[in-house]
Amino acid sequence: MPSPRANPTPGTAQPYRRWGLTAPLPAPPSSPTRRRPPPARDQVPVVDRVATSDKVVFLTYDDGAEKDPRFVDMVRELRLPVSMFLTDSVVGPGYGHFARLRSVGASIQNHTLDHAALLGLPYAGQRAEICGQQSKLRARFGIRPQLFRPPYGTYDTTTLRAAADCGVTAVVLWRAAMEGDGELTYAKGPGRLRAGDIVSVPSGEPTGLSLRERTTRLLREIQGRGLAVGRLEDYL
């Protein structure tokens, strides 16, 4: 018997309505109009937004604490090109959930082994945190992530050297964040979403809205600004 999601019958809510939106998401450009050139090995760039004329923003999710199967459905049905920055000690035995997310279009990226604050740590410790998670993700998914997000957004020149030595091509921060209360905060610049913004959505908040609820709020804001959701990996 076919899945009811595969062939909706007349009267069935469209996917965007099932996820709390009043209109379909606009499609992003088929390819970026500007892509960052490959960095030199010892010059890993740090980005909190992308310099692009495309009207896109980028959704990134941190840690991997929240493993809601319906979030997988949401990503699949809305075709959201999300980036998941995973910490091994937070994901624990839950890598199967992220394999399902990857199978519906999410990308898997590096957020260290143990979520240690890297700023000020010696090179060996920083390399162990970054390269260790590279190895974990390669063993789990057969990939070596190109993007790395330092815990708490803190880093130093040693971080950049260790990241480069671990095969990372960009250190990814964020300009906007949606916390557990569903409010958008901005690290700098205008207090509104604009083209090229990287948005962080942390997981595992002890109270507040779920990832699904925060994503719906974020998508409404994105639509209201006339923006689309782009795939970060296509721009870096």
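Residues numbered from 1 in each chain as written. Predicted model: local features only at pLDDT ≥ 70, side-chain atom pairs only at ≥ 80, totals over all residues. Heavy atoms only, no water.

Asker: Could you give me a rundown of the side chain of His97, with the residues and numbers involved?
Answerer: Secondary-structure assignment places His97 in helix 4 (residues 95-103). Other than its neighbours up to four places away in sequence, His97 contacts Glu66, Lys67, Asp68, Pro69 and Val72. (Helix = DSSP H or I, 4+ residues; strand = E, 2+ residues; numbered from the N terminus. Contact = heavy atoms within 4.5 Å.)

Asker: Outline the nonpolar core, listing residues and values.
Answerer: With 36 residues, the main nonpolar core has Leu59, Met84, Leu218, Leu219 and Ile222 as its most contacted residues. Where this core is concerned, the elements lending two or more residues are strand 2 (56-63), helix 2 (69-78), strand 3 (83-86), helix 4, helix 5 (123-141), strand 7 (176-178), strand 9 (198-202) and helix 7 (211-224). Top contributing element to this core by residue count: helix 2, with 5 residues. In contact with Leu219, other than residues within four places in its own chain, are Leu21, Leu25, Leu59, Met74, Leu78, Leu80 and Val229. One finds Phe85, Val172, Leu232 and Leu236 within the second-largest nonpolar core, a separate group that totals 13 residues. (Core = buried A, V, L, I, M, F, W, Y, C linked by side-chain atoms within 4.5 Å. Buried < 20%, exposed > 50% of the residue type's maximum accessible area, 1.4 Å probe, protein only.)

Asker: Give me the packing of helix 2 against helix 7: which residues, what numbers.
Answerer: Working note: a packed helix pair is described by the angle between its axes plus the distance between those axes. Packing of helix 2 against helix 7 leaves a shortest axis separation of 9 Å and a crossing angle of 30°. By the criterion of interaxial angle, the relationship of helix 2 to helix 7 is roughly parallel. Taking contact as the criterion, the partners of Arg70, Phe71, Met74 and Leu78 in helix 2 are, on helix 7, Leu211, Arg212, Thr215, Thr216 and Leu219. (Axes fitted to C-alpha atoms, helices over the stretch in contact; angles between N-to-C directions. Parallel < 35°, antiparallel > 145°, perpendicular 65-115°, else oblique.)

Asker: Tell me about the packing of aromatic side chains, and name the residues and values.
Answerer: Under the counting rule described, the total for this entry stands at 3 aromatic pairs. It is Arg149 that lies over the ring of Phe85; its NZ or CZ is 4.7 Å from the centre. (Phe/Tyr/Trp six-rings, centres within 6.5 Å; stacked < 30°, edge-to-face > 60°. Lys NZ or Arg CZ within 6 Å of the ring centre and 35° of its normal.)

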